[in-house]
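Fold and geometry: a report
Read off the chains here:
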Amino acid sequence: MKVLRPSLFLALTLLLTLPVLAAEEAGKEEPAADPIAVHELLTAGPVPILLPAFADAEKAGRTADDLFEALPALPQHEWPRADDKFQGANGSIAWKAGHAAWQAPADSHEVRYLAFYIQSDRWQKATLTVTGEHPVLAALNGEKLSLAKKDSEEEDSPKTQTAELTLPLGKHLVALRTMNDPELETDWSFELSVTPGEHAQDGSLVVSTSPEHHADINLILNAPRLGQVGLSPDGKLAAIALSEYRNGKDRESWIEIRDTESGELKYLWRSQENPSQLVWLPVGLRLGWQTSQDGKATVWVHDLKSGTVQAVLEDVEDLGSWRWAPDGGSLFYEINRSPDPDPRKVKHVLHPADRQPWWRGRSHLMQIFVPGGLTRQVTAGPLSPNGWRLSRDGSRMLFFTSAPDLENRPYFDNKLWMMDLATLSTELVLDDRWIGDAVFGPNNDVVLLQGSPSAFDGLGRNLPEGMQANDYGGQLYLYDLKTKQPTAISKDLRPDVGWMQWSEADDMIYARTTDTQYSNFYRYDPKKKDWKKLDTGMEYTNSLALASDARIGVARGTSATTPNRLYTVDLKKNRPRLLLDPGVENYRDVELGKVETWTTTLDKGMDLDGFVYYPPGFDASRKYPLIVYYYGGTSPVTRDFGGRYPKNIWAGQDFIVYVPNPSGATGYGQEFAARHVNDWGILTAGEVIEGAKNFLAAHPYADAEKVGCMGASYGGFLTEYLVTQTDMFAAAISHAGISDISSYWGEGLWGYAYGARALAHSFPWKDRELFIGQSPLFHADQITTPLLLVHGDSDTNVPKGESDQLFTALKLLGQDVDYVQIQGQDHWILDHEQRIVWHNTILAYFTKYLKDQPQWWDEMYPEAEDY
């Protein structure tokens, strides 16, 4: 099924050939680079301009010039190549190699599109020059260019216009469209040229008609993305949420339903309401989803057999999560509630977590019966039901409650309750602060639990005696409701366990794991008591949707060099098959460098695992600057594509990126992860430094004089700590880094809670060597590396004061430090346009210090004259 949207009608592209001239000899002053003439083009057309059928076109408000300006900068594919086709009013139009000269019709208007590609080896401001009399408009990478007429001393000289081209390193598309003017007697032709920017040498620009290019931030953010996936009970249909930034600014969302065997599109639902929470009803072929408008939510059900769409829960304020009863006859849903603010405009803070604006919010569960619409309240009271799950027969419900407990880590208790849904009576199942999730087994007599190694008094520990577990690590337990006995089922499994589900189709337990550099799914057979890895076809699997009545799954994920995809997984044969690649057209001409695992043995005998991103077209005879990037929090850096720190893009900017996973990362076994606790750079900094030195020794094409390092959150702390320990880095970047462990511990909304695990049993008043000795702020006078601090100024996790105080210290010390605040953003930079600026800030800084090319940074952050 193909869905047609408003066509982008009209196109042509220019191909350019460009001589590559030798650079000036070293040491000599660089003269201005010569203009590069554009001779060969891709062209297509003609595309006629037809005025509306009105007696007076001017009164109709649509002239030929109006229609010409309203045309898209480039029709259809953003990176055209020869023989690509697009649809016009009179049929398909193909791009062809040609020149910027045509026979103009005598009494009508036609449009031609021109396009060419410019490869720049650095950030620079080049100049496009267009000489010709007929109307012409231009765009760079889809953004309109302002063509300004160039004054000439010669009276009869042809019309010449210029536009500034801001070109970061990489390939760029220049698109022009021209319309003939029947009143002009001159030829319909143009001369085009591109002049490199200031400080650029001849050869810094190459013009071509080849669309192959490297990935950039706009591509990764704007290309279609996969969201939630749901499988019909029989496993034959997959409901898929997708989104994209079609115009680079506004996010659009839609739902597709595809056949899991063939991938054929069966249904499409697209509107401005941004559907979410796709859930198939357990009975029949019915799909539910949620829309929201003006603070109110509606849950819809689409019956695929009858074709009807009906609202079952309409205009509900403060709707939380919802879930269908197993018989499909009712819907359980959560209503959030918030207390009224104190009219005196004061707040009496009751608990460290009460500093969080949302902490006093509570929720309760409701149930609505369909059809009919009768409702009943299921829970009430001062504590919210969290992580609630229904039994397979719909007779019982599990849920957690939590309350502060400042005497015991992690400073909250956690109680698991079971409710009889016939009587609404409850019984306490378990009181264990280290258990966080629970699901019913097949017969309601066993519960599958997820928690840390410390649960059940350390039953899940696989550690040397006396070693404190990293309680961010995940373990699974089976809990017998009759005997009250737990069994640890994953403590001998090296990967760290997160999401879990007990399949109704095969009674197997499926778990998503952090598995060294990978995110893999494993399957546990309760009868054989063994684990097996599932083949999903990807290196980093985000999610696995399971059918309730068939041994079919749909996996969503990426790989280091592969954007997001869906695979149908035959769970019986453990065999994946590609279901959907939503970005196949967007990435058609994208060149990505290779990614390789690289492990080094440190002096202490430990194998430091890691991997490397190489630039596309990597040349081992060259010297490349190196970026060293490491984990934040306690999760390892994995081989997912894109993400907040897109290493593929960095490599596409001619950096080699080395990613070590030092001690403390989960996914390498409990003992390795436990090294995170109370370390704060003692082990990890030395491992990163030695790993980077070993990498440089083993890879002569990595320039040891041009090495940068970067991390975020805990990784930002590690950046700041590293530059107090070594001067091997030419530049360093810390995003949302912790400069003072004690101020973060007390001021960050989660500081003390993170400390309950990462600073287990340690406190500022009794462990000064840790809280002060390991804090970069107290060693600021040892920092000589140029350092960029980046922080969301609304960060509630790591408050911006952590960057404020280190910035102040380094400024007073006269050190090379820059500080960029991202306004209105929290710990993660989520705003689409601000994320692009943030990303470019990072690259511009590394380009300045690791390539000795400050122009991009200076353009983004010029010296302020009045301060």
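The coordinates are above.
Presented here is an overview of the structure given in this document. The residue numbering used here restarts from 1 in each chain and proceeds along that chain's sequence as written. For this predicted model, a pLDDT threshold of at least 70 governs which residues receive local features, and a threshold of 80 or more governs which side-chain atom pairs are given and counted, while totals over whole chains, interfaces and linings are taken from all residues. Each side-chain value is derived from all of the structure's non-hydrogen atoms; neither hydrogens nor water enter the calculation.

1. A closer look at the sheet that holds strand β33 (residues 425-431)
We count it as follows: Strand pairing is assigned whenever DSSP identifies at least 2 bridges connecting the two strands. A helix here means a DSSP run of H or I that spans at least four residues, while a strand means a run of E at least two residues long, and both kinds are numbered starting from the N terminus. For helices, the axis comes from a line fit to the C-alpha atoms of the stretch in contact; other axes are also lines fit to C-alpha atoms, and the angle between any two N-to-C directions lies between 0 and 180 degrees.
Within the open sheet, the 4 strands sit side by side as β30-β31-β32-β33. Their pairing is antiparallel. Since the sheet does not close on itself, it has two edges, and those belong to β30 (386-390) and β33, each with one partner. Taking each pair of neighbouring strands and ignoring which way they run, the sheet shows an average axis angle of 25°. Across 3 bridges, β30 lies against strand β31 (residues 396-404) in antiparallel orientation. When the sheet's bridge partners are listed, Arg389 is paired in β31 with Leu398.

2. What about the pattern of salt bridges?
Pairing is possible between side chains that carry opposite charge, provided their charged atoms lie close to one another. Quick note on the threshold: Just to be clear on terms, a salt bridge is a Lys or Arg side-chain nitrogen sitting within 4 Å of an Asp or Glu carboxyl oxygen. Accessible area is worked out with a 1.4 Å probe on protein chains only. A residue is then buried under 20% of its type maximum, exposed over 50%, and partly exposed in between.
Overall, the coordinates contain 31 salt bridges when judged by the stated rule. Here Arg577 ties to Glu261 by a salt bridge, and the two come within 3.5 Å at their closest N and O atoms. Of this pair, Arg577 sits in strand β45 (residues 575-580) while Glu261 sits in the loop between β20 (251-259) and β21 (265-270), and the two are 316 residues apart along the sequence. Relative accessible area serves as the criterion here: at 34%, Arg577 is assigned to the partly exposed category. The exposure class assigned to Glu261 is exposed, which follows from its relative accessible area of 58%. One continuous salt-bridge network, built from bridges that share partners, spans Arg81, Asp84, Glu212, Arg588 and Asp589.

3. Some thoughts on the packing of aromatic side chains
Think of a pair of aromatic rings as described by two things: how far the centres are apart, and how the planes are tilted against each other in angle. Quick reminder of the rule: Any two of the Phe, Tyr and Trp rings considered here, Trp counted by its six-membered ring, make a pair once their centres fall within 6.5 Å; the pair's planes then place it as stacked at under 30 degrees, edge-to-face at over 60, or tilted in between. Our definition puts a charge over a ring when NZ of Lys or CZ of Arg is within 6 Å of the ring centre and also within 35 degrees of the ring normal.
Going through the model one piece at a time under the given rule, you end up with 39 aromatic pairs. Judged by centre distance (4.8 Å) and plane angle (45°), the rings of Tyr845 and Tyr849 are tilted. Placement of both Tyr845 and Tyr849 in helix α13 (residues 832-850) is noted, with a separation of 4 residues, approximately one turn of the helix. Each member of the pair, Tyr845 as well as Tyr849, is classed as buried. One aromatic cluster is present, built from ring pairs that chain together Tyr472, Tyr631, Trp680, Tyr714, Phe717, Tyr721, Tyr744 and Tyr754. Looking at Arg323, its charged tip hangs above the ring of Trp388, at a distance of 4.7 Å from the centre.

4. Some thoughts on the sheet that holds strand β51 (residues 624-629)
Hydrogen bonding along the main chain pairs the strands of a sheet, whether they run parallel or antiparallel. In space, the 8 strands of this open sheet follow the order β47-β50-β52-β51-β53-β54-β55-β56, with mixed pairing throughout. This sheet does not close on itself; its edge strands, each paired only once, are β47 (595-597) and β56 (817-822). Ignoring strand direction, the axes of neighbouring strands in this sheet form an average angle of 20°. Pairing between strand β50 (residues 610-613) and strand β52 (residues 656-660): 4 bridges, direction antiparallel. In the strand pairing of β52, Val612 is matched with Tyr658.

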